[in-house]
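Working through the structure, step by step
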Amino acid sequence: MLGKRLFKNIKQLCQVRPIEFTLAKGTELAVLPSIENAFLLVEDGIIKSFGKMQDCPQLVDAIEHDCSEKIILPGFIDAHTHLVFAEPREQEFVLKIKGATYQQIAAAGGGILNSAKKLRALSESELFERSLPRAYSILHTGTTTAEIKSGYGLTLADELKMLRVARQIGTHTPLTVKTTFLGAHAFPEDVKRDDYLKLILEEMIPRVAEEGLADYIDVFCEQGFFSVEETISICETGKRFGLTPRLHANQLSNNGGVQAGIQVNAISVDHLENIGTDEIQALVKSTTIPIALPLAAFYLNLPFPPVRKMIEAGLPLTIASDFNPGSSPSGNMPLIVSLACIKMRMTPEEAFNAATVNAASALQVNKQTGSITQGKFADLIVTKPVSSLAYLPYAIAENWIDQVFVKGEAVSLPH
Ligand code: NIG
Ligand code: FE
């Protein structure tokens, strides 16, 4: 957006950080640096200056926003989504209510394979049309940057199709998008295990890299899916082609996924419902960022990741939505923040740090967004009038967002 916007009388301007700050670790998570009764000046989509109202500049050429009683936060960074998919899977939701487990549904051809069947039947433009409203729905709930994974194609052509659609969401909506190749999400029914591994290593990774379709490579490292050895070999090949690993690890079992992630120098290990002291200690010695996905744990009735232990150990805990049709059918980050507080006992400050500044580092966009910092994009959430920061996660399922700005531009629905 060209021009100036001046936000005045802001009750609390949250997540004010110097540009050097990258990760809130351990006890640092509890502090959300803020300015009360603040102003914020945006120029040409960039944060120009901010401070106390008494120092607010007088401008004749700025669009003014009175933010009395309102809080301003940086937009959410959602570092783990699968929002490109064909259809919801509510029939499996009913099976789960009746007692089926995630793995039983997957073994019966449901789950990821069910989503793959539906996705293969769609053209690229149909898949884009189906996915676009999801991108707008998360923009409206405050997400300004999102990671989007492939993994419901499971053929070369369909994985490429998914990644192209994910890239198009980044170019056709205000959302900033990072993409991840997740060909190793499940083994397709009609291909032998070794043949599919060969396809990933020898055809999919080179093509994805050649076409510049992905920033990251991911593997569902889990019993019944990809083993630790397979995970390591896929990640190492991805790295040779310039793709940085990030993993689905320790969701359903404690099977060495976290250690595999650390070994391949993954930027993040995500899920972590089933981790113990060894995994936490290994993470402490590494640069790999732990990402908890509280809605997936909630939705599948899994134990929640031991977040308090991870924070006590000094880790830079991050949270994300895992928006996908099977285990987390929502990318609503205010809900994720509420669940992080209620089910993982994070304080509101910890949860907002985990969903903004830490998540920005986990997606390597922290130089551009994730905090209120001079020179970063004006990716902002302006709340409705609220009593305090804690009201936001407290008011679960209430829409407390008044407006979302991406690069200084107010987000509106497409015509
Ligand atoms: O992150 N765990 C693996 N993948 C997704 C679920 C995918 C699906 O069920 O469609 C997840 O939870
Ligand atoms: Fe996932």
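Reading guide: rules and limits
- Residues numbered from 1 in each chain as written.
- Chains lettered and ligands numbered in written order.
- Predicted model: local features only at pLDDT ≥ 70, side-chain atom pairs only at ≥ 80, totals over all residues.
- Heavy atoms only, no water.
- Domains from an automatic or database assignment.
- Contact = heavy atoms within 4.5 Å.
- Buried area = accessible area lost by both parts, 1.4 Å probe.
- Salt bridge = Lys/Arg side-chain N within 4 Å of Asp/Glu carboxyl O.
- Helix = DSSP H or I, 4+ residues; strand = E, 2+ residues; numbered from the N terminus.
- Near = heavy atom within 4 Å.
- Polar contact = N/O pair within 3.5 Å; in protein donor to acceptor, adjacent residues only side chain to side chain.
- Areas by Shrake-Rupley, 256 points an atom, 1.4 Å probe, with all protein chains shown as cover.
- Nonpolar A, V, L, I, M, F, W, Y, C, P; charged D, E, K, R; others polar.
- Buried < 20%, exposed > 50% of the residue type's maximum accessible area, 1.4 Å probe, protein only.
- Pairing = 2+ DSSP bridges.
- Right-handed = clockwise from strand over helix to strand, strands pointing away.
- Patch = residues over 30% accessible without salt bridge, like charges linked within 9 Å, V, L, I, M, F, W, Y side chains within 5 Å.
- Core = buried A, V, L, I, M, F, W, Y, C linked by side-chain atoms within 4.5 Å.

Let's talk about the domain arrangement of the protein chain
Here the domain parsing of the protein chain yields domain 1 (4-74 + 371-410) and domain 2 (77-362). Each partner contributes residues to the interface: domain 1 has 29 residues there, and domain 2 has 30 residues. Carbon and sulfur atoms make up 69% of the surface buried where domain 1 meets domain 2, a total of about 2300 Å² over both sides. When the area that domain 1 buries against domain 2 is broken down by residue, the three leading residues are L23, L29 and P393, summing to 26%. Linking domain 1 with domain 2 are 0 salt bridges, by the criterion used here. Only strand 5 (71-74), helix 15 (391-394) and strand 15 (401-406) provide two or more residues apiece to the side of domain 1 that touches domain 2.

Looking at the site of ligand 1
Ligand 1 sits among 15 residues. The nearest are Y102, Y152, H185, Q251 and S327. In the environment of ligand 1, an oxygen atom lies 2.9 Å from a nitrogen or oxygen atom belonging to the side chain of H271. Between S327 and ligand 1, the recorded distance is 2.6 Å, taken from a side-chain N or O atom to an oxygen atom. Compared with its free state, where it exposes 320 Å², ligand 1 has 100% of that area covered by protein. The residue inventory of the shell around ligand 1, partitioned by class, reads 4 nonpolar, 9 polar and 2 charged.

Details of the pairing of strand 10 (residues 244-249)
A regular strand carries its side chains on alternate faces of the sheet. In terms of residue burial, strand 10 counts as a mostly covered element, since 5 of its 6 residues are buried. When strand 9 (residues 216-221) meets strand 10, the two strands line up parallel, connected through 4 bridges. Opposite F220, over in strand 10, you have H248 as the bridge partner. Considered for its hand, the β-α-β crossover made up of strand 9, helix 7 (residues 228-240) and strand 10 is right-handed. Pairing analysis gives 4 bridges linking strand 10 to strand 11 (residues 268-271), with the strands arranged parallel. Bridging from a neighbouring strand, A249 pairs with H271 of strand 11.

So, the pattern of salt bridges
One pass over the structure, following the stated rule, counts 16 salt bridges. E87 is paired through a salt bridge with K118; the nearest N and O atoms lie 3.8 Å apart. Remark: K118 occurs in helix 3 (residues 111-120) and E87 occurs in the loop between strand 6 (76-78) and helix 1 (90-97); sequence separation between them is 31 residues. Taking the relative accessible area as the measure of exposure, K118 reaches 31% and is therefore partly exposed. D215 is the partner of R167 in a salt bridge, and the nearest nitrogen-oxygen pair spans 3.2 Å. You can see R167 sitting in helix 5 (residues 156-172) and its partner D215 sitting in the loop between helix 6 (193-210) and strand 9, a full 48 residues away along the chain. Note on R167: relative accessible area 25%, which makes it partly exposed. One network of salt bridges, with partners in common, ties together E124, R164, R207 and E211.

With respect to a nonpolar patch on the surface
Where nonpolar side chains cluster on the molecular surface, the patch consists of F93, V94 and I97 and spans about 280 Å² of accessible area. Inspection of the secondary structure puts I97 in helix 1.

Re the nonpolar core
If you look at the biggest cluster of nonpolar residues, it comprises 110 residues, and the most contacted ones within it are I169, F226 and I319. Taken domain by domain, this core gets at least three of its residues from each of domain 1 (4-74 + 371-410) and domain 2 (77-362). Grouped together as the second largest cluster of nonpolar side chains are 16 residues, L13, A38, L380 and F405 included.

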